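Residue-level structure breakdown
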Amino acid sequence: MKEPLSRIDPTDLTLNDKLVSINRVAKVMRGGKRLSFSALVVTGDGNGHVGIGVGKANEVPGAISKANAIAKKNLIKVPLAGTTIPYGIRVKFGAAKVLLKPAAPGTGIIAGGSIRAVLEAAGIRDILTKSLGSSNKINVAKAAMLALSQLKEPKEELARRKPTLDKTAEERSSPAEEAEAEGGAVTSD
């Protein structure tokens, strides 16, 4: 069962906003084309918090301000292992597939486009990435966010799984071992 995501309060953090792309979109109406703008913004504190937002408006500044507000609402906490991620992950969002792999210190961010913006905002400094499938900037950024949101802290995950491992070990023990533990003899029929 999925745990509900707890909202991160953006007022506690010093966030840096980065405009990734602006797209002019046209809607064909009876009298001609109606132009509008969409903006993709990534925000993060460089210390494990990152969020993305897509805003649409008739003017560019309005689209950017809407995207900033949405990005601050959609903040997530990313588990970091030093300057990289704890383990590799591959995620699909729509037609965009993203592969993230941890890298040795000093490697830098090997990424392009909107993945780089998301990782820099999160504070990841050493990582290897590959964008597979679609090159749509919005879907690639959302795939990167999905990948980062699915990462778990290895120690916490191990602690969560440990009790279930102990239970399965007890269930697997044979009747002979249980009888020896009680001090009785085992007779086979």
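We now turn to the structure provided with this report. (Residues numbered from 1 in each chain as written. Predicted model: local features only at pLDDT ≥ 70, side-chain atom pairs only at ≥ 80, totals over all residues. Heavy atoms only, no water.)

1. Let's talk about the pairing of strand S3 (residues 49–57)
- Counting buried residues along S3, seven of its nine residues qualify, which places the element largely inside the surrounding structure.
- Where strand S2 (residues 32–44) hands over to S3, the hairpin turn is made up of four residues, of which Gly46 adopts a positive phi near 75 degrees. (Buried < 20%, exposed > 50% of the residue type's maximum accessible area, 1.4 Å probe, protein only. Helix = DSSP H or I, 4+ residues; strand = E, 2+ residues; numbered from the N terminus. Pairing = 2+ DSSP bridges.)

2. Details of the environment of Glu153
- Inspection of the secondary structure puts Glu153 in the loop between helix H3 (137–150) and helix H4 (154–172).
- With a relative accessible area of 31%, Glu153 lands in the partly exposed category.
- Taking the C-alpha atoms as reference points, Glu153 and Pro79, separated by 74 residues in sequence, lie 5.7 Å from one another.
- If sequence neighbours within four positions are ignored, Glu153 has contacts with Pro79 and Leu80. (Contact = heavy atoms within 4.5 Å.)

3. Describing H3
- Taking 1.5 Å of rise per residue, 14 residues should cover 20 Å, and H3 covers 20 Å from first to last C-alpha, within 8% of that figure.
- At the N-terminal end of H3, a side-chain oxygen is found 3.0 Å from the backbone nitrogen of Ile138, two or three residues along, and the residue is Asn136. (Expected span 1.5 Å × (residues − 1). Polar contact = N/O pair within 3.5 Å; in protein donor to acceptor, adjacent residues only side chain to side chain.)

4. Points about the side chain of Thr84
- Along the chain, the position of Thr84 falls in the loop between strand S4 (76–77) and strand S5 (89–93).
- Here Ala103 takes part through its backbone nitrogen, which lies 3.3 Å from a polar atom of the side chain of Thr84.
- Thr84 has contacts with Pro102, Ala103, Ile124, Asp126 and Ile127, leaving out every residue within four places of it along the chain.

5. Topic: the sheet that holds strand S1 (residues 16–29)
- Strand order in the open sheet made by the four strands is S1-S2-S3-S4, with antiparallel pairing throughout. Every other strand in the sheet has two partners, leaving S1 and S4 as the edge strands with one partner each.
- The pairing of S1 with S2 spans 13 bridges and is classified as antiparallel. Looking across to S2, one finds that Asn23 is bridged to Ser38.
- Sitting on the sheet, helix H2 (residues 113–122) touches S1, S2 and S3, and the angle it makes with S3 is about 130 degrees.
- Along the sheet, H3 contacts S1, S2, S3 and S4; its crossing angle with S3, the most-contacted strand, is approximately 150 degrees. (Axes fitted to C-alpha atoms, helices over the stretch in contact; angles between N-to-C directions.)

6. Topic: the sheet that holds strand S8 (residues 127–133)
- Across the sheet, which stays open at both edges, the four strands sit in the order S5-S6-S8-S7 with mixed pairing between neighbours. Edge strands, defined here as strands with exactly one partner in the open sheet, are S5 and strand S7 (109–110).
- Summarising the sheet, strand S6 (residues 96–102) and S8 pair through seven bridges and their orientation is antiparallel. Directly across from Ala96, in S8, lies its bridge partner Gly133.
- Strand contacts of H2: S6, S7 and S8, with the helix running at about 145 degrees to S8, the strand carrying the most contacts.
- Against the sheet, H3 contacts S5, S6 and S8, and its axis sits at roughly 135 degrees relative to S5.

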